[in-house]
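Below, each chain spelled out in residue letters.
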Amino acid sequence: MNNPVPLAELWRGDILESTHFGHAVICDGAGQIVQAWGDPDAIIYPRSSAKMIQALPLIESGAADAVGLGTEQLALACASHQGEHQHTDRVAAWLDAIGMGESDLRCGVQVPNDPIVRRELRETGTCACQLHNNCSGKHTGFLTLNRHLGGHNEYVEADHPVQLACRDAFEGVTGMESPGYGIDGCSAPNFATSVHGLARAMGNFASAHTRSDTRSRAQARLTDAMIAHPNLIAGTGRACTELMGAMKGRAAIKTGAEAVFVAILPEQQLGIALKVIDGGTRGSECAITALLVKLGLLEADHPAVLNRMNKVQKNWRVLETGILRPAADLL
């Protein structure tokens, strides 16, 4: 990753203590760069920020409509959820509706991120299962698509029809051939692209409502579902959920592991993609919040903003010790 630039900074007193470097791109609906920081051509794994792209074949194939999926299921297909009951109950019901169960998933068992559910499991002596995996909604979408296509059970294999459809959609909206893939935490292939390619894809989603082709209608449905159900996209206390709630339906945003963040801005027909190269989530959350404030979608004094941008650092005695803020060039 050549020429990363500062995106977020941690100051302690008058000294810059830490800097999060990275790359960020804002694209318009035609895929042209509106503004960029760092290297737009840096190749990255989008990780979970690409889930709405991976969900495109679910709609485009007719699989979603064949089983009557609603906006909640479409939102969960794009989610990296906390494993709260609001998430796992809905995924379980979706699996049941398509005649499948938790054992058909291939995402793996994950201890839920939600502290309440973790405590419940511990107190009842219950083991976590694949429903608690943050990607269980995406994988239930894969299963729904696979049921429609008639593929074999190992739908996460790179040459499986489900993943070939995902790759085709990915390369279509990023506007470039993927240079390769890695295996994500949930065992599905994660196709690489440039930061510009990922921003181009988000701009393509953001302008989908201006077009009427099959892919654009699918993009608009997924964006609308994300916006309609911010609690399902992440969960209590998470940046995606809180910031989307603060924007009151004006944008869809999605984080990915290793400090990737994307945003879809339908009103402005803009897409954003950024990557903090040290993988620090606090840096990516600060940077995406700053860009959303810059573009007029968030108020700088909103509590959800102040929890991530210009966040005052406090010690164990609750004394103010510093501040996490966006780099000056980002504003």
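Notes on the structure in this doc start here. Please read these numbers as outputs of a predicted model, since none were measured by experiment. (Residues numbered from 1 in each chain as written. Predicted model: local features only at pLDDT ≥ 70, side-chain atom pairs only at ≥ 80, totals over all residues. Heavy atoms only, no water.)

Quick word on the layout of surface pockets
There is about 540 Å³ of room inside the largest pocket. If you go around the largest pocket, you meet 30 residues; those closest to its centre are Arg-238, Thr-255, Gly-256, Thr-281 and Glu-285. Of the residues assigned to the lining of the largest pocket, the class counts are eight nonpolar, 13 polar and nine charged. (1 Å grid on protein atoms, 1.4 Å probe; cavity = no way out; pocket = protein on both sides within 12 Å on 5 of 7 lines; lining within 4 Å. Points joined across faces, edges and corners; volume = space filled by probe spheres on them. Nonpolar A, V, L, I, M, F, W, Y, C, P; charged D, E, K, R; others polar.)

A short note on the packing of helix α7 (residues 136–149) against helix α8 (residues 161–174)
Interhelical geometry of α7 versus α8 gives an angle of 110° and a closest axis separation of 9 Å. The pairing of α7 with α8 is recorded here as roughly perpendicular in orientation. Relative to α8, the crossing made by α7 is right-handed. Here Phe-142, Leu-145, Asn-146 and Leu-149 of α7 lie close against α8, whose contacting residues are Pro-161, Val-162, Gln-163 and Cys-166. (Axes fitted to C-alpha atoms, helices over the stretch in contact; angles between N-to-C directions. Helix = DSSP H or I, 4+ residues; strand = E, 2+ residues; numbered from the N terminus. Parallel < 35°, antiparallel > 145°, perpendicular 65-115°, else oblique. Left-handed = near helix turned anticlockwise from the far one by under 90°. Contact = heavy atoms within 4.5 Å.)

Here we look at helix α13 (residues 281–294)
Helical periodicity: at 3.6 residues per turn, an α-helix aligns residues three or four positions apart in one direction. Taking 1.5 Å per residue, 14 residues should reach 20 Å; α13 reaches 20 Å between its end C-alpha atoms and fits that length. For α13, the tally of buried residues reaches 11 of 14 residues, placing the bulk of the element in the interior. Those residues of α13 that sit buried are Gly-283, Ser-284, Glu-285, Cys-286, Ala-287, Ile-288, Thr-289, Ala-290, Leu-291, Leu-292 and Val-293. Directly beyond the C-terminal end of α13, a positive phi value near 85° is found at Gly-296. (Expected span 1.5 Å × (residues − 1). Buried < 20%, exposed > 50% of the residue type's maximum accessible area, 1.4 Å probe, protein only.)

Quick word on the pairing of strand β1 (residues 5–12)
For β1 and strand β2 (residues 15–28), the ladder comprises seven bridges, and the chain directions are antiparallel. Directly across from Trp-11, in β2, lies its bridge partner Leu-16. Here β1 folds back onto β2 in antiparallel fashion, the turn holding two residues, of which Gly-13 has a positive phi close to 65°. In the sheet, β1 pairs with strand β12 (residues 320–326) via five bridges, with the strands oriented antiparallel. Each residue of the ladder has a partner; that of Ala-8, found in β12, is Pro-326. (Pairing = 2+ DSSP bridges.)

Looking at the pattern of salt bridges
Under the definition given, this model contains 13 salt bridges. Measuring nitrogen to oxygen at the nearest pair gives 4.0 Å for the salt bridge that ties Asp-213 to Arg-211. Relative accessible area serves as the criterion here: at 37%, Asp-213 is assigned to the partly exposed category. Linked through salt bridges whose partners overlap, the residues forming this network are Glu-60, Asp-168 and Arg-215. (Salt bridge = Lys/Arg side-chain N within 4 Å of Asp/Glu carboxyl O.)

Regarding helix α5 (residues 85–97)
Compared with an ideal rise of 1.5 Å per residue, which puts 13 residues at 18 Å, α5 spans 18 Å between its outermost C-alpha atoms and is within 8% of the ideal. The set of residues buried in α5 consists of His-87, Thr-88, Val-91, Trp-94 and Leu-95. All buried residues of α5 project into a common sector of 125° when viewed along the axis, lining one side. The exposed set on the far side of α5, more than 90 degrees from its buried face, consists of Asp-96 and Ala-97. Packing partners of the buried residues in α5 comprise α4 (71–77), α7 and α11 (230–233). Gly-99 occupies a position one or two residues after α5 and carries a positive phi of about 75°. (Arc of directions from axis to C-beta.)

Concerning the environment of Gly-22
Its location among the elements puts Gly-22 in strand β2. For Gly-22, a relative accessible area of 0% puts it in the buried group. Setting aside chain neighbours within four positions, we find Gly-22 in contact with Pro-4, Val-5, Leu-7, Trp-37, Gly-38, Lys-275, Val-276 and Ile-277.

Things to note about the nonpolar core
Ranked by size, the top nonpolar core spans 97 residues in total, and within it Met-52, Ile-53, Ile-253, Leu-265, Ile-272 and Leu-292 carry the most contacts. Not counting chain neighbours up to four residues away, the residues in contact with Ile-272 comprise Val-25, Ile-26, Ala-199, Met-202, Phe-261, Val-262, Ala-263, Leu-265, Ile-288, Leu-291, Leu-292 and Leu-295. (Core = buried A, V, L, I, M, F, W, Y, C linked by side-chain atoms within 4.5 Å.)

Remarks on the packing of aromatic side chains
Scanning all chains against the criterion turns up three aromatic pairs. Taking the centre distance of 6.1 Å and the plane angle of 40° together, the rings of Phe-170 and Phe-191 count as tilted. Here Phe-170, found in helix α8, pairs with Phe-191, found in strand β6 (residues 189–191); they are 21 residues apart in sequence, far enough to count as distant. The pair Phe-170 / Phe-191 is uniform in exposure class, with both members buried. Taken together, the ring pairs in this structure connect Phe-170, Tyr-181 and Phe-191 into an aromatic cluster. (Phe/Tyr/Trp six-rings, centres within 6.5 Å; stacked < 30°, edge-to-face > 60°.)

A few points about the state of the cysteines
Under the definition given, this model contains zero disulfides. Cys-27 carries a free sulfur, and the closest cysteine sulfur to it, the one in Cys-240, is 20 Å from it. Residue classification places Cys-27 among the buried residues on the basis of a relative accessible area of 0%. Left without a disulfide partner, Cys-286 is nearest to the cysteine sulfur of Cys-240, which lies 15 Å away. (Disulfide = S-S within 2.5 Å.)

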